[in-house]
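Breakdown of the fold
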Amino acid sequence: MEAIYRFALLLTGDAQTASEAVLDILRDAAGHASQFRNDKHRNACLAMKVRELCLKREQAAAAPRAGGAPGRVSQPVGLSRNGAPLATRFHLMPEPQRSALALFYLDLFPPNELAQLFRMKPDGLADALSAGRDFLREHLQGKQFPA
Amino acid sequence: MNAKEARTVLRGHRAGQQQDARLQKALRHADQDNALKREFQQQTEFDNRMINLVESLPLPEGLLDRMKSLEAEPAKRRLDWRAALKQPPVLAGLIGLVVMVGILIYFWMDRMQNFPGREALFRMISTTQEMSGAELDPLITEAGKVGDWFLLKYGFEDFNVPPEFAAMKTVGSRIFKQDNFPVAQIAVERDRDLGPFPESGLLFFIFRADDFGVKLPSNRWYVFTQEDWVAAVHAEDKTCFMVAVRGTREQMDDFLKQLAKQTPAKQDQP
């Protein structure tokens, strides 16, 4: 269950936003426990719901500021408000690299399932993960900080 | 496996992940390619560092308890109608319900149009379709007075026009026999005030219900259509009154509603 919150935190970069998203999803999923095959399946389903909600809220928050222009805003919503330094930098990463790398590190899906989830070929996923790593390397360079 | 394929496989590898045949091939390839080996080692070190950082991200105080309590909570959330409607059993039930309602409406409409003796009424209208107009005797008066005329001339009692039609002007009438039973037919003057039928000639039919086996509950209009004709029939005691005109069921419904509204005011007049 912690992994779901951490995933939301990496997506949003903000502890409060992440907590709200996770609680909303859990509230929505209450009473549906029997639908999950096992803990792994449950976590995977919840993670995808969390992703959907976080990206939806991020788009809704970014749209008025960006005048509806596509693409990511340079200063994300809630940045550095409550987020851990790693999460705030992770949050700056573009999609789908951000979600793919977060799920990859949290080991919520094996790589082949991850590729299917993002409708990518294995080499496409490898490129996305590699791009995500490069992004993090660039943004974390020379920084020594706890999570 | 070439270097490019090996790099792709290794880039998608997570430290601690089970090694399948493809990964083992890629690792063997990396053993022979120093650049790839170094790249993979750096990636593994970086990934391990990131995994450690990600796994040690702290949870806000109390969040885990709230998450657990939500998960343990029984289903008491609001019903999501949109989601529920997408469920196949609900969808199937709804389709079944719609079909059932459709069938009920069909039977109800059929019942509204069907009544004993309806065939005889159809034949009356069919007879009218073959008329030239010369068959009618001139009769210029108010429809409300034709009852007296039928009584005096033919001795037919209760061949009256209902009050809502009484003010209309008649132009002709006749008595014809169908199955050896008398039917009074009255043609009404075309009038702009005739609501949906200003240009169509209304025809009234008056006959005894028993003669044609017509059975209708009192105080109710039955509307039915026959080809391009629409008719409304009404029973009063033992006599039936039918109004027929070229038009649609909707026009006739509107016409009857309009007459029903006007009648009380007219009845109040001295």
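We now turn to the structure provided with this report. Since we're looking at a predicted model, the values are computed, not measured.

**Focus on the overall build of chain A**
The number of helices and strands found in chain A is seven helices and zero strands. Shown N-terminal to C-terminal, the secondary structure of chain A runs as helices and strands in the order α-α-α-α-α-α-α. A total of 147 residues make up chain A; the buried ones form 51% of that total. Put simply, of all contacts in chain A between residues at least 6 apart along the chain, 66% involve residues at least 24 apart. Surface summary for chain A: the accessible area is close to 7,100 Å², and the carbon and sulfur share equals 50%.

**Notes on the pairing of strand β7 (residues 239-246) of chain B**
Residue and element names in this part refer to chain B. Of all eight residues that make up β7, seven are buried, and the element is covered over most of its length. The sheet contact formed by strand β4 (residues 203-208) and β7 spans six bridges and is antiparallel. Within the sheet, the bridge partner assigned to F204 lies in β7 and is V243. Examined bridge by bridge, strand β6 (residues 229-236) and β7 share eight bridges and lie antiparallel to one another. When the bridges of β7 are listed, A231 appears paired with A244. Once β6 ends, the chain turns through two residues before running back antiparallel as β7, passing D237 with a positive phi of about 55°.

**Brief notes about the pattern of salt bridges**
Summed over all chains, the structure comprises 15 salt bridges over all chains. Across the pair D127(A) and R11(B) runs a salt bridge whose closest N-O atoms are separated by 3.7 Å. Here R11(B) lies in helix α1 (residues 3-11) and D127(A) lies in helix α7 (residues 122-140), a pairing that spans two chains. Take D127(A): its relative accessible area is 43%, and that puts it in the partly exposed class. Each of R51(A), E58(A), E95(A) and R98(A) takes part in a single network of salt bridges with overlapping partners.

**Side note on the interface of chain A and chain B**
Contacts between the two partners involve 38 residues from chain A, matched on the other side by 31 residues from chain B. The junction of chain A with chain B conceals about 3,300 Å² of combined surface from both sides, 66% of it contributed by carbon and sulfur atoms. In this structure, the salt-bridge partner of D107(A) is R14(B), at a minimum N-O distance of 3.9 Å. At the junction of chain A with chain B, the criterion picks out nine residue pairs in polar contact (both at pLDDT 80 or more).

**A word on the sheet that holds β4(B)**
All names here are of chain B. Taking strand neighbours across the sheet as the criterion, the seven strands line up as β1-β2-β3-β4-β7-β6-β5 in an open arrangement whose pairing is antiparallel. Two strands bound the open sheet, and with one partner strand each, they are β1 (137-142) and β5 (222-226). The sheet shows a mean angle of 25° between the axes of neighbouring strands, direction not considered. Bridge count for β1 against strand β2 (residues 169-178) is four bridges, and the pairing is antiparallel. By the bridge assignment for β2, T141 is matched with T170. Across the face of the sheet, helix α7 (residues 118-129) comes into contact with β2, β3 (181-188), β4, β5, β6 and β7 while running at roughly 50° to β5.

**Examining the nonpolar core**
Core analysis: the biggest nonpolar cluster contains 53 residues, and F90(A), Y105(A) and L136(A) have the highest contact counts within it. Two domains each provide a minimum of three residues to this core, namely domain 1 (3-55) and domain 2 (63-111) of chain B. Among the nonpolar cores identified, the runner-up in size contains 27 residues, and F207(B), V214(B), A235(B) and C240(B) belong to it.

**Side note on α7(A)**
With 19 residues, α7(A) should reach 27 Å at 1.5 Å per residue; the first-to-last C-alpha distance of 27 Å fits that figure. Looking only at α7(A), the buried set comprises L125(A), A126(A), A128(A), L129(A), S130(A), G132(A), R133(A), F135(A), L136(A) and L140(A). As for α7(A), its buried residues are in contact with α4 (85-91), α5 (97-106) and α6 (111-117) of chain A together with α1 and α3 (34-55) of chain B.

Cut-offs used in this document
Residues numbered from 1 in each chain as written. Chains lettered and ligands numbered in written order. Predicted model: local features only at pLDDT ≥ 70, side-chain atom pairs only at ≥ 80, totals over all residues. Heavy atoms only, no water. Helix = DSSP H or I, 4+ residues; strand = E, 2+ residues; numbered from the N terminus. Buried < 20%, exposed > 50% of the residue type's maximum accessible area, 1.4 Å probe, protein only. Contact = heavy atoms within 4.5 Å. Areas by Shrake-Rupley, 256 points an atom, 1.4 Å probe, with all protein chains shown as cover. Pairing = 2+ DSSP bridges. Salt bridge = Lys/Arg side-chain N within 4 Å of Asp/Glu carboxyl O. Buried area = accessible area lost by both parts, 1.4 Å probe. Polar contact = N/O pair within 3.5 Å; in protein donor to acceptor, adjacent residues only side chain to side chain. Axes fitted to C-alpha atoms, helices over the stretch in contact; angles between N-to-C directions. Core = buried A, V, L, I, M, F, W, Y, C linked by side-chain atoms within 4.5 Å. Domains from an automatic or database assignment. Expected span 1.5 Å × (residues − 1).

Limitation: the analysis is restricted to geometry and does not speak to function.
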